[in-house]
Amino acid sequence: MVQSSVLGFPRMGKLRDLKKATEAYWAGKLSTDELLAEGKRLRLEHWKIQKDAGVDVIPSNDFAYYDQVLDQIQMFNVIPERYSKHNLPTIDEYFAMGRGHQKDGIDVPALEMVKWFDSNYHYVKPTFQDNQTFKLSDDPKPVRHFLEAKEAGIITRPVILGPVSFLHLGKADRDHTVDPISLLEKLLPVYEELLKKLKEAGADVVQIDEPVLVFDLPSKVRDAFKPAYEKLTALQGSSGPQLVLATYFGDIVHNFDVVDAALQKTYALHVDLVRHPEQLEKVIEHLGPKQILSAGVIDGRNIWKNNMQKSIEIVETAIQKLGKERVIVATSSSLLHTPHTLDSEKNLDDEVKDWFAFAVQKASEVAVVAKAVTEGPDSVRSTLEANAKSMKARATSKRTNKPDVKKRQEGVSKEDHERKSAFPTRYAEQKKTLKLPLFPTTTIGSFPQTKDIRVHRNKFTKGEITAEEYEKFIEKEIDDVIAIQDELGLDVYVHGEPERNDMVQYFGERMDGYEFTTHAWVQSYGSRCVRPPIIVGDISRPKPMTVKESKYAASKSKKPMKGMLTGPITCLRWSFPRDDVHQSVQAQQLALALRDEVVDLEKAGIYVIQVDEPALREGLPLRAGAEREKYLSWAVDSFKLSTAGVEDSTQIHSHFCYSEFQDFFHAIAALDADVLSIENSKSDAKLLKVFIDEAYPRHIGPGVYDIHSPRVPSEQEIKDRLSEMLAYLKPDQLWINPDCGLKTRQWKETKAALANMVAAARFFREKY
Ligand code: GLN
Ligand code: ZN
């Protein structure tokens, strides 16, 4: 029999129950016992959902109150003393590491949190000390949760993060220099102990994740697999469980010399056949003689209904070579990255609802594929027929086949990507029209989103005020921010984005081809969830999206008004993309829609236009090389296509929330934006060195203060910062602006900070 398996299930619950519980706990409104009881309730519910769906191998220890890596940090006692010394209750020490603790005289910031591979989930980075030791906690969570499920009559497969990934995904603590991977030998006994305890508790199989195998690894890290897995596989079947070694989000072919050795001794190997189906053949060739293949064919990263025929074909190919006993059907990765259930969506159009599958539905899909290959397609005939019908409906739908959009894409030429002239000519023109001083000051777009704004937006959405009333309110907000900018003496104004709920959703709602959900939340970090819009079809722009507000603002201001758009890559990355056409195609459609907007803004008298692309870097493929270059090439093209339709005299800005460009500076330069505003206040000004090293000719506004904190930077601080920047940038290259938009700030600190920023700019203007 071919088993079905899920690698992990989302934790939040149907109505973001876990978010509500943890936030209530943090606010002191829920006791520890109540929080733990809610966690237990959710775990049971999620196991039951998978069992009822017919999943054979159900995971445990995939649940976490904050983050699964943080669980492991605490379980192995990788707890820096600044947290442990307060003797907080276990759960509070855990949250202190996850989100900081500022209470009862204790004041510690959180451990660093970073993106989990190329997903939108963030994990807490293990931080190791020079004299790091490891110790397994007394009552390890994987054992506890295994027993909890067992008591409920469900035998689960515990999931743990493997030792090499745990070390490689971590870093040395501040003021420490230890190379994490050098700690392997010290760490392994703790894994052995944990595996033995799991076996004692009755767990015959354990999933051990080594997702770093999809990276290009330094040789020290590659070499670590052999000793690690020789040790851990030696326990298999005797004092330890069988191990399913899981990889996801990439292919592992380039690391096969590693896999070949000790890894072949693991009971099973899981690979992602959604992202990299082509690795199947090579993976099969490299399996050990009895090793089982866990075939990840149901996408754990998106919301699309699975194409059953395609998955069955892949699994059948594997079965032909390996036999039914040596194949497991699985989700490609944990389902953590998909929303809970489609059943909660009451407002979706029936046509598109039929195209989606969230975690609950994906659990059933895994079971269906396993049944189809075990008992033959007839055993699930009606399901397969319905699936084929749905696939066909989507492929032939009007939404996914808009002849106008396709035709326009076919007509896109190389020249459409290029501005009329090179930067020096453009700059000369822009100087004439914009008449900006040296060291021009500006902001990144949004001004504080006050309670008043949120209340009005809510009332408007609920129909409690009319469109005219709402419009009047927005106009008044724009009047106010213009008056404030007059008072501050800024040089290039913004309208403040009061009408925007979110920088992607706002545009999605104004384009054809997008759908929105009411409950499709996915965990981003801790209790924070996001609800990305979904690109369901060909994208087009029925009418201008931002011209009205920008034009109004321009009519009221004395200085140049900057139009504000979200770029094609950011629209794509912060949505659920289609899986039926390549992302480059979707990016180009978005780019064409935005190009029209850019041109319309220019026609409306807006001669400075900023196209934000903060998500450009996170789209970078996990491995350097050809795949990364390909991505950068179409990503850069889409930005250029969206912005190149304007006259030389119109100034194109772009914005990024970071300044680490070293790995892909050529792409940043290729954007050919007249001005880049970037985060820089929290980073080293040295990062700007790349701009001189590469003789970057255009203009740059490195952020002079952090917008995440209410702290007001002094004029002197900003001057000091500017002096540092001038070591790397020419005076007439430098713009002066904050790190990012100001929507999360209050007015009080915003005005004070900007006043100091303008004063610092004036000081330098005098000096030069
Ligand atoms: N223009 C946006 C703002 O100011 C940019 C936000 C971002 O970079 N994340 O809010
Ligand atoms: Zn930003």
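Our structure is the block above this text.
Residues numbered from 1 in each chain as written. Chains lettered and ligands numbered in written order. Predicted model: local features only at pLDDT ≥ 70, side-chain atom pairs only at ≥ 80, totals over all residues.

Now for the sheet that holds strand E23 (residues 699-702). Strand order in the open sheet made by the five strands is E19-E20-E21-E22-E23, with parallel pairing throughout. Edge strands, defined here as strands with exactly one partner in the open sheet, are strand E19 (562-566) and E23. The sheet shows a mean angle of 20° between the axes of neighbouring strands, direction not considered. One ladder, built from five bridges, connects E19 with strand E20 (residues 608-612); its direction is parallel. When the bridges of E20 are listed, Met564 appears paired with Gln610. (Pairing = 2+ DSSP bridges. Helix = DSSP H or I, 4+ residues; strand = E, 2+ residues; numbered from the N terminus. Axes fitted to C-alpha atoms, helices over the stretch in contact; angles between N-to-C directions.)

For the rest of this paragraph, the subject is the sheet that holds strand E10 (residues 205-209). The parallel open sheet is built from eight strands, whose spatial order is E1-E14-E13-E12-E11-E10-E8-E2. Two strands bound the open sheet, and with one partner strand each, they are strand E1 (3-5) and strand E2 (58-60). Neighbour to neighbour, the strand axes of the sheet diverge by 30° on average, direction disregarded. Helix-sheet contacts for helix H14 (residues 359-375) involve E1, strand E13 (292-298) and strand E14 (327-331), and the interaxial angle to E14 is about 160°. (Contact = placed C-beta atoms within 7 Å.)

All right, on to the nonpolar core then. Counting residues in hydrophobic clusters, the biggest one holds 211 residues, and the most contacted among them are Leu293, Ala295, Val315, Val329, Val366, Val369 and Met757. Element by element, the count of residues in this core is highest for H14, at ten residues. Once residues within four sequence positions are removed from consideration, Leu293 is found in contact with Ala268, Leu269, Val283, Ile284, Leu287, Ala318, Leu322, Arg326 and Val327. (Core = buried A, V, L, I, M, F, W, Y, C linked by C-beta atoms within 7 Å. Buried ≥ 20, exposed ≤ 12 C-beta atoms within 10 Å, placed from the backbone.)

The next thing to look at is the site of ligand 1. As a matter of local geometry, ligand 1 sits amid Ile444, Gly445, Ser446, Met503, Met564, Asp612, Pro614, His655, Cys657, Cys740, Gly741 and Lys743. Of the residues that constitute the shell around ligand 1, the class distribution is six nonpolar, four polar and two charged. (Near = placed C-beta within 6 Å. Nonpolar A, V, L, I, M, F, W, Y, C, P; charged D, E, K, R; others polar.)

Quick look at the pairing of strand E21 (residues 651-656) now. With six of six residues buried, E21 is to be regarded as a mostly interior element. Burial along E21 is two-sided: the residues Gln651, His653 and His655 and Ile652, Ser654 and Phe656 are all buried. Pairing of E20 with E21 involves five bridges; the strand directions are parallel. Among the inter-strand pairings, Gln610 is bridged to a residue of E21, identified as His653. Where the polypeptide runs from E20 across helix H24 (residues 626-643) and back to E21, its parallel neighbour, the crossover connection is right-handed. For E21 and strand E22 (residues 675-678), the ladder comprises four bridges, and the chain directions are parallel. Residue His653 lies in a different strand from E22, and its bridge partner there is Val675. (Right-handed = clockwise from strand over helix to strand, strands pointing away.)

Direction vectors running N to C along helix H12 (residues 308-322) and H14 enclose 50°, while the axes themselves pass 10 Å from each other. With respect to their mutual orientation, H12 and H14 come out oblique. Handedness of the H12/H14 crossing: right-handed. Counting all contacts with H12, which are made through Met308, Ser311, Ile312, Val315, Glu316 and Ile319, the residues of H14 involved are Val368, Val369, Ala372 and Val373. Considered class by class, the residues forming the contact of H12 with H14 number eight nonpolar, one polar and one charged. (Parallel < 35°, antiparallel > 145°, perpendicular 65-115°, else oblique. Left-handed = near helix turned anticlockwise from the far one by under 90°.)

What follows deals with the packing of helix H1 (residues 17-26) against helix H2 (residues 32-52). In the contact formed by H1 and H2, the axes pass within 10 Å of each other and the chain directions differ by 170°. With respect to their mutual orientation, H1 and H2 come out roughly antiparallel. The segment H1 lies against H2, with Asp17, Leu18, Ala21, Thr22 and Tyr25 engaging Leu35, Glu38 and Leu42. Here the residues of the contact of H1 with H2 are counted per class, giving five nonpolar, one polar and two charged.

On to the environment of Asn307. Inspection of the secondary structure assignment puts Asn307 in the loop between E13 and H12. We classify Asn307 as buried; it has 20 C-beta atoms within 10 Å. Considered as a pair, Asn307 and Tyr248 are 59 residues apart in the sequence and their alpha carbons are 19 Å apart.

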